[in-house]
Amino acid sequence: MSNATAVTDASFEQDVLNSDETILVDFWAEWCGPCRAVSPILDQIAEEHAGKIKIVKLNVDDNPQMAMKYQITSIPAMKVFKSGEVAKTIIGAKPKPALEADLADFLA
């Protein structure tokens, strides 16, 4: 499926908020077609930009607490966290060049 690490409501603070790395959290669900379409693109970006950005996935059906906290009303939704704060929000599935353009500040 995906090479991205799964995070949960329980592990979110440790894995994302307390991390020194720039982390993109992919908020997704199993039934979401666009989520499945964007997943391999995120895997490619993570591989090509290792050391610059880490990509993790949070299943919104299994982890409603974080989905609610970050006001996820539409998926796929991606939020980039830097130093425990949301630095960027991307909504919807996009082709790789568009996602890389959205993430350019973090991939440089």
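Residues numbered from 1 in each chain as written. Predicted model: local features only at pLDDT ≥ 70, side-chain atom pairs only at ≥ 80, totals over all residues. Heavy atoms only, no water.

An account of the overall build of the protein is needed here, citing residue identities and associated values.
When helices and strands are tallied, the protein shows 5 helices and 5 strands. Walking the protein from its N terminus toward its C terminus, one meets helices and strands in the order β-α-β-α-β-α-β-β-α-α. Its C-alpha radius of gyration of 12 Å places the protein within 12% of the 13 Å reference for a compact globule of 108 residues. With the principal axes as the frame, the protein shows a C-alpha extent of 30 × 30 × 20 Å. For the protein, with 108 residues in total, the buried portion stands at 48%. (Helix = DSSP H or I, 4+ residues; strand = E, 2+ residues; numbered from the N terminus. Rg over C-alpha atoms; globule rule 2.2 N^0.38 Å. Buried < 20%, exposed > 50% of the residue type's maximum accessible area, 1.4 Å probe, protein only.)

How would you summarise the sheet that holds strand β4 (residues 77-82) if you had to cite specific residues and measurements?
The strand order across the open sheet built from 5 strands is β1-β3-β2-β4-β5, with neighbouring strands paired in mixed fashion. Both outer strands of the open sheet, β1 (5-6) and β5 (85-91), are each paired with one neighbouring strand and no more. Pairing of β4 with β5 involves 6 bridges; the strand directions are antiparallel. The residue of β5 that forms the bridge with Met 78 is Ile 90. (Pairing = 2+ DSSP bridges.)

I'd love a proper account of the state of the cysteines, names of residues and values included.
For the coordinates displayed, the defined rule picks out 1 disulfide. Covalently, Cys 32 is tied to Cys 35 through a disulfide, its sulfur atoms 2.3 Å apart. Linking Cys 32 and Cys 35, the disulfide has an S-S dihedral of approximately 80° and is accordingly described as right-handed. The exposure class of Cys 35 is buried, given its relative accessible area of 2%. (Disulfide = S-S within 2.5 Å.)

Mind laying out the nonpolar core, listing which residues take part and the relevant values?
Of all hydrophobic cores here, the largest spans 20 residues; its most connected members are Phe 12, Val 25 and Phe 27. Where this core is concerned, the elements lending two or more residues are α1 (12-17), β2 (23-28), β3 (54-59), α3 (64-69) and β4. A total of 4 residues in this core trace back to one element, the largest contributor, which is β2. Beyond its immediate sequence surroundings of up to four residues, Phe 12 is in contact with Val 7, Leu 17, Val 25, Leu 58, Met 66, Tyr 70 and Phe 81. In terms of nonpolar packing, the next biggest core, distinct from the first, is built from 15 residues, Ile 41, Ile 45, Val 80 and Phe 106 among them. (Core = buried A, V, L, I, M, F, W, Y, C linked by side-chain atoms within 4.5 Å. Contact = heavy atoms within 4.5 Å.)

Honestly, that's just the spatial picture; any functional story needs more than this.
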